[in-house]
Amino acid sequence: MDEEWFRKDYERAVDLMNFVRRHGTMSQLEADFISEVLQRFNRLLDTRGPNEAKRSIDVRRSRSSVDGLATQPSYNPGEMDYQLQRFINVRDDGTSESTTPHEQRLERFRKLVHAVSFSLRARKAARNRKAASASEPQSEEVFNLLRFINSWHDFNVFALSTVSGGNELELTATAVFHEHNLFEIFSLDVTKTVNYFHAVSKHYRKNPYHNSVHATDVLQSTHVLITSGLGEFLSDLEKLAVLLAAMVHDIGHLGYNNPFLVDTKHDLALRYNDQSVNEHYHACLAFQIMHEDPSCDLTSSLTENQSKMLRKIVVDIVLKTDMAVHFTMLNSFTEYLDNYGANVEEWDEEGRTLARAMIVHTADLTNVSRPTHLATQWGTRVVDEMWRQGDEEKRIGKALSPLCDRETTSVASAQVGFSNFIVKPLLEQVGRVMDVGFLNSGVDAYVAHYEAELAKEQATDKK
Ligand SMILES: [Zn+2]
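Here the residue numbers are simple positions, counted from 1 along each chain's written sequence. At least 70 in pLDDT is required for a residue's local features to be given in this predicted model, at least 80 for side-chain atom pairs to be given and counted, and no such filter applies to totals for whole chains, interfaces and linings, which use all residues.

Things to note about the overall build of the protein chain
- On a plain count of helices and strands, the protein chain comes out with 22 helices and zero strands.
- Across the 463 residues of the protein chain, 41% fall into the buried class.
- Residues are scored as being in contact if the C-beta atoms we place from backbone atoms lie within 7 Å. Within the protein chain, residue pairs in contact and separated by at least 24 positions form 75% of the contacts whose partners lie at least 6 positions apart. Starting at the N terminus, helices and strands are each numbered in turn, a helix being any DSSP run of H or I of at least four residues and a strand any DSSP run of E of at least two. With C-beta atoms placed from the backbone, a residue is buried if 20 or more other C-beta atoms are within 10 Å of its own, exposed if 12 or fewer are, and partly exposed between those counts.

Spelled out as structure tokens, the structure:
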């Protein structure tokens, strides 16, 4: 790079940013120019490191312009926001020289979280023509909640959702990808990756249960299961696929189960010939997003073979989240454990495929093992969604599906049954691969809670 030219372009960009800050408008041409300079700056940062990058420019002079620009109502979202935030953060680089590697990693994490929250808020501000939401404290709270990204007990997805203004999925995904070093390993384009996370999040509907908070919960559960021993056999590419599958596994869910869609001859049931209708739709949507918009193509840095493999694995896992195949899957999993032992490395390809799907399927069913104050929120939500389906069935004069009648089904009885007959037998087999003590104690507390509720309900019934 020609340093002298870079400096000139850079100064022009800073002047332009100052102008934009004062007048609040920016043409596409100007936005493209600033964006290009910032990208060149990022390349400088990558090749020469923060100190040399700092020497080439006047960081102090630019900081206020960038900060100001970021809160402009006419701020142009797109590729620029992430570049901008990285640029703002350079001022802090080099100050952590004396800290431990752990602290440095935490600091990098903090910056990443701030960058992504910033980018999301800037996007929202641009859409709403309102800059007020782009204030700093919010991302600090987000960061404090995301520090528990590796914890089963302390990660509070509901709090994260509130504090981040509904951006929990993209923030958690960024944190989880960071934990597994996926950005570095696959040289993922951060902007495209975050765009993809954002698009996925927006495609989740506002159902009581099957929404982006559930997707976030399953994603973080999958992450904890992987790191607790259930994913020891996974290659990096498989890890990427499993986490992606967790994130998209219910995308676009309409709030109705498969039998309902089939019975009502819903468009989706016709499209997928009544076969795992919801799951086919989720898998389809997940890939449609990246194919239809190149700025959301998270796979752009992967080789063709890696992309093919990733797609194959994600589709397979998502299709296997259909509860209709639960018992078949659990039986096969048990057989593999009986015949080949607990080390999945020694299983054949079919077994390996099954073991990958079991991780996300387990994560999808174990919110009952979270601390009771969180788990019960899921319990209430899932039953609420079923009741809504029941209401719709009543409205169209259809027989009510099991557990969907709000007159006769209680949350407590539904949850005790689900925990005892589905979750506990599942954990028994999963427990042959990893230590499931923390999951068992959670589900035990959950069952105890709802058994007490059930006893109360029965006592009032008798009166
Ligand atoms: Zn799910």
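Here the narrative resumes.
What about unusual backbone geometry?
- Backbone geometry places Ser-187, a non-glycine residue, at a positive phi of 45 degrees.
- Here Ser-187 is to be found in the loop between α10 (182-185) and α11 (190-203).

Thoughts on α11
- For α11, with 14 residues, the first-to-last C-alpha span of 20 Å sits near the 20 Å given by 1.5 Å per residue.
- Within α11, 10 of the 14 residues are buried, leaving the element largely enclosed by the surrounding structure. Each residue after the first adds 1.5 Å to the expected span of a helix.

Focus: the packing of helix α13 (residues 236-248) against helix α17 (residues 304-319)
- It is the contact of α13 with α17, at a shortest axis distance of 9 Å, that shows an interaxial angle of 45 degrees. In terms of axis orientation, α13 runs oblique to α17. Like other packed secondary-structure pairs, α13 and α17 cross with a definite hand, here right-handed. Counted together, Leu-237, Glu-238, Leu-240, Ala-241, Val-242, Leu-244, Ala-245 and Val-248 of α13 and Gln-306, Met-309, Leu-310, Ile-313, Val-314, Ile-317 and Val-318 of α17 form the full contact between these two elements.
- Three classes are used: nonpolar for Ala, Val, Leu, Ile, Met, Phe, Trp, Tyr, Cys and Pro, charged for Asp, Glu, Lys and Arg, and polar for all others, with Gly counted as polar. When grouped by side-chain class, the residues that make up the contact of α13 with α17 number 13 nonpolar, one polar and one charged. Under this scheme, a helix contributes an axis fitted over its contacting stretch, all axes are lines through C-alpha atoms, and angles between N-to-C directions fall in the 0 to 180 degree range. Each angle receives one of four descriptions, namely roughly parallel if under 35 degrees, roughly antiparallel if over 145, roughly perpendicular if within 65 to 115, and oblique otherwise. Left-handed describes a crossing whose near helix is turned anticlockwise from the far helix by less than a right angle; the clockwise case is right-handed.

Concerning the packing of helix α20 (residues 372-395) against helix α22 (residues 437-462)
- In the contact formed by α20 and α22, the axes pass within 10 Å of each other and the chain directions differ by 65 degrees. For the pair α20 and α22, the crossing hand works out as right-handed. Seen from α20, the contacting residues are Thr-372, Ala-375 and Thr-376; seen from α22, they are Gly-442, Ala-445, Tyr-446 and His-449.
- Grouping the amino acids of the contact of α20 with α22 by side-chain chemistry returns three nonpolar, four polar and no charged.

Quick look at the nonpolar core
- Judged by nonpolar contacts, the single largest core of 96 residues is most densely connected at Val-200, Val-242, Ala-245, Ala-246, Met-247 and Val-314.
- Domain limits in this description derive from either an automatic procedure or a database domain assignment. There are two domains that each give this core at least three residues, and those are domain 1 (1-135) and domain 2 (148-462).
- Core analysis: the next-biggest nonpolar cluster, separate from the first, contains eight residues, Ala-13, Val-14, Leu-38 and Leu-44 among them. Definition of nonpolar core: a set of buried Ala, Val, Leu, Ile, Met, Phe, Trp, Tyr and Cys residues joined via C-beta atoms within 7 Å.

What about the environment of Asp-9?
- By the element assignment, Asp-9 lies in helix α1 (residues 3-23).
- In the structure, Asp-9 is positioned 24 residues away from Phe-33 in sequence and 8.9 Å away in space, judged by C-alpha atoms.

Observations concerning α20
- With 24 residues, α20 extends 34 Å between its outermost C-alpha atoms, agreeing within 8% with the 34 Å of an ideal straight helix rising 1.5 Å per residue.
- For α20, every residue scored as buried is listed here: Leu-374, Ala-375, Thr-376, Trp-378, Gly-379, Val-382, Val-383, Glu-385, Met-386, Gln-389 and Gly-390.
- Positive phi shows up at Gly-397, right after α20, with a value of about 75 degrees.

Describing the confidence of the model for the protein chain
- In predicted models, pLDDT denotes the confidence assigned by the predictor to each residue on a 0 to 100 scale. Looking at the protein chain as a whole, the pLDDT averages 86, with 81% of positions reaching at least 70.
- Of the regions scoring below 50 in pLDDT, residues 129-137 engages in 15 contacts with residues more than four places distant in sequence or in other chains.

Description of the environment of Leu-374
- As for its placement among the helices and strands, Leu-374 is situated in helix α20.
- On a C-alpha basis, the gap between Leu-374 and Phe-158 in space is 8.0 Å, while along the polypeptide they are 216 residues apart.
- Sequence-distant contacts of Leu-374, that is, excluding residues within four places in its chain, are made with Asn-156 and Phe-158.

Quick word on the environment of Thr-172
- Structurally, Thr-172 is set in helix α9 (residues 168-179).
- C-beta crowding within 10 Å serves as the criterion here: with 30 such atoms nearby, Thr-172 is assigned to the buried category.
- For Thr-172, the residues in contact, after removing those within four places along its chain, are Thr-216, Leu-219 and Gln-220.

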